[in-house]
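One letter stands for each residue in the lines below.
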Amino acid sequence: MTWSSEASARAAAEAAIDALCRELAPTWRIADHGSSPLHWRVVSHPQARLPRQGWKIHLSCATIAFAEFIRHLTPWLANQRLSFKFPRDLDGVAFLNSGDAGIEQLGKIVTLYPAVDTQLNRLLDELDELLPTACGPEVPSDLQRRPGALSLRYGIFQAGQTIIDASGTHHHALRLANGELTVDRRCQRGRQPSGIRPPPACRPPQASALEIGQRVSLADLELMVVEHLNTSARGELYLALRLDDASTTLIKTARPGVGGIAPDDRAETRLAREAKLLARMSTKGLTPALYGSAVDRAGTDQWPMLAMQDVRAPTLGELPLEDMQRRLPDLANSLARLHRQGIVHGDITLNNALVTPTGIMLIDLEHASEAGKHVSPAGTPGFRAPESQRSGPA
């Protein structure tokens, strides 16, 4: 997607939001809250009573589909007496869906606040029929009615009582049916507060791609997952055993639906590009070797993944300062070799460079691209090159 098409997507989102607000005016109350990079547009019907707590309904969509999503929802929203909120621009949607707002905020594009629980089942049934095919990220803290499209969580609607923990931190509090207060937590795997009965036809989210002990087949490779190493909004990392020789390997996964405005900013697309570049570069000793991949999982409930060499070596950032400074020319040499192959890494940090006996090995190529290809802004804050702050050629 070029700069001009990204600008068109932003303009389409702005037009859809303006059309929704015109449909609601002058009866509804509309206000903006928040600060950059996420501004919320909060809408409430004058006859809608907002309780202090209840079931929040979250509607998800892919970032690039936001304008059509809002246009599709507008007639239905105008006929409801609901309070709801959504990002007031496409950059806010991308901030949520890319994971930059944190894993707890993934996929929460439109939030509905039913006035009474008796509305809940009707709203869920109507939305299940109304919403287009799921294409957004699953909300990890929610029970799923339709993964990637429709989910819900029990929580507070309005700030009220708080609980102070042992460290002195204040937490918003829910009141349970027995009168006790409990912290309003966004729990992974969709776990809800004790005693809160969920509506029917809802299930926990697929909170992780793989389970410990699970066997995985990639190409001709048979693996067994032995340890979960890391979770981020964009995916997960696992340690696995190769069943042919008992050596270790790493499995990297991409969380479906996560991504920004441009198609090349989707987690699945970045993982597929990383697999392609690893296959091309691993024989040159510049990157870990690629052992196998399954990056096209469209239409399935499986996460895209790749298996790569488990390189046991410290990163540049883990070295003492003098040793790290002494190895910086080796990093420059590896980058020069990468550039001679026509590849731009896109996310060079001290933690993305492994110090091996033969030189510096580069890892985390999910932001890498062939030189000259259009790429979206990416990289680790504090390490980004100035030209990577905007869309353009790599």
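The structure we're discussing is the one just above.
Given the structure is predicted, the values throughout are model-derived calculations rather than measurements. (Residues numbered from 1 in each chain as written. Predicted model: local features only at pLDDT ≥ 70, side-chain atom pairs only at ≥ 80, totals over all residues. Heavy atoms only, no water.)

S.K.: With reference to specific residues and values, describe helix α2 (residues 66-78).
M.R.: Think of an α-helix as 3.6 residues a turn; residues three or four steps apart then line up on the same face. Between the first and last C-alpha of α2 there are 18 Å, a value that for 13 residues agrees with the 18 Å anticipated at 1.5 Å per step. His72 marks where α2 bends most, by close to 30°; the proline Pro75 follows one to four residues later. Among all positions in α2, only Phe66, Ala67, Phe69, Ile70, Leu73, Thr74, Trp76 and Leu77 are buried. (Helix = DSSP H or I, 4+ residues; strand = E, 2+ residues; numbered from the N terminus. Expected span 1.5 Å × (residues − 1). Bend = angle between axes of the 7 residues up to and from the residue. Buried < 20%, exposed > 50% of the residue type's maximum accessible area, 1.4 Å probe, protein only.)

S.K.: Pulling in residues and values, what's your account of the sheet that holds strand β8 (residues 162-164)?
M.R.: A sheet is described by the order of its strands in space; here 3 strands give the open sequence β8-β9-β10, paired in antiparallel fashion. A single partner strand is all that each edge strand has here, and the edge strands are β8 and β10 (181-183). This sheet shows a mean twist of 50° between the axes of neighbouring strands, independent of strand direction. Here β8 pairs with strand β9 (residues 170-175) via 3 bridges, running antiparallel. (Pairing = 2+ DSSP bridges. Axes fitted to C-alpha atoms, helices over the stretch in contact; angles between N-to-C directions.)

S.K.: Give a description of the sheet that holds strand β4 (residues 83-87) that names residues and reports values.
M.R.: Adjacent strands of a sheet pair through backbone hydrogen bonds, lying either parallel or antiparallel. What the 7 strands build is an open sheet, ordered β1-β2-β4-β5-β3-β7-β6; its pairing is antiparallel. Looking at which strands have only one partner, the edges of the open sheet turn out to be β1 (29-35) and β6 (143-146). Strand-to-strand twist of the sheet, defined as the mean angle between neighbouring strand axes without regard to direction, takes the value 25°. Bridging between β6 and strand β7 (residues 150-156) involves 3 bridges; their strand directions are antiparallel.

S.K.: Pulling in residues and values, what's your account of the pairing of strand β2 (residues 38-44)?
M.R.: Counting buried positions along β2 gives 6 out of 7 residues, so the element sits mostly inside the fold. Bridge count for β1 against β2 is 7 bridges, and the pairing is antiparallel. Within β2, the position partnered with His33 by the bridge is Trp40.

S.K.: How would you sum up the pattern of salt bridges? Please name residues and give values.
M.R.: Applying the stated criterion across every chain yields a total of 24 salt bridges. The partner of Arg10 in a salt bridge is Asp91, and the shortest N-O contact between them spans 2.9 Å. Taken together, the residues Arg10 in helix α1 (residues 3-24) and Asp91 in helix α3 (residues 90-97) connect sequence positions 81 residues apart. Here Arg10 falls in the partly exposed class, since its relative accessible area comes to 32%. Arg203 is the partner of Glu138 in a salt bridge, and the nearest nitrogen-oxygen pair spans 3.8 Å. On the criterion of sequence distance, the pair formed by Glu138 in the loop between α4 (120-130) and β6 and Arg203 in the loop between β10 and β11 (215-218) is long-range, its members being 65 residues apart. (Salt bridge = Lys/Arg side-chain N within 4 Å of Asp/Glu carboxyl O.)

S.K.: Give a detailed account of the packing of aromatic side chains, specifying residues and quantitative values.
M.R.: In this structure the tally under the stated criterion is 4 aromatic pairs. When the ring of Trp55 is compared with that of Tyr154, the centres are 5.4 Å apart and the planes differ by 80°; the resulting orientation is edge-to-face. With Trp55 in strand β3 (residues 53-59) and Tyr154 in strand β7, the pair connects residues that are 99 residues apart, well separated along the chain. Residue Trp55 shares its accessibility class with Tyr154, and that shared class is buried. Relative to Phe157, the ring of Tyr113 lies with its centre 5.0 Å away and its plane at 80°, an arrangement referred to as edge-to-face. With a gap of 44 residues between them, Tyr113 in strand β5 (residues 110-113) and Phe157 in the loop between β7 and β8 connect regions that are remote in the sequence. Take Tyr113: its relative accessible area is 13%, and that puts it in the buried class. The exposure class of Phe157 is buried, given its relative accessible area of 12%. Aromatic rings pair up to connect Trp28, Phe84 and Phe86 into one cluster. Over the ring of Trp40 we find Lys85; its NZ or CZ atom is 4.3 Å from the centre of that ring. Its guanidinium or amino end placed over the ring of Tyr291, Arg242 lies 4.9 Å from that ring's centre, counting from NZ or CZ. (Phe/Tyr/Trp six-rings, centres within 6.5 Å; stacked < 30°, edge-to-face > 60°. Lys NZ or Arg CZ within 6 Å of the ring centre and 35° of its normal.)

S.K.: Summarise unusual backbone geometry; cite the residues concerned and give the values.
M.R.: For the bond running from Ala25 to Pro26, omega is 0°, close enough to zero to count as cis. Mapped onto the fold, Pro26 is located in the loop between α1 and β1. Omega for the bond connecting Ser36 with Pro37 falls within 30 degrees of zero, at 10°, which places this linkage in the cis form. Position of Pro37 among the secondary structure elements: in the loop between β1 and β2. The backbone phi angle of Ala201 is positive, close to 65°, even though this residue is not glycine.

S.K.: Help me get a handle on the side chain of Arg145, residues and values and all.
M.R.: Inspection of the secondary structure assignment puts Arg145 in strand β6. A distance of 3.5 Å separates the side chain of Arg145 from the side chain of Asp128, its partner in a polar contact. Setting aside its immediate chain neighbours within four residues, Arg145 contacts Leu124, Asp125, Asp128, Leu150, Ser151, Pro200, Ala201 and Cys202. (Polar contact = N/O pair within 3.5 Å; in protein donor to acceptor, adjacent residues only side chain to side chain. Contact = heavy atoms within 4.5 Å.)

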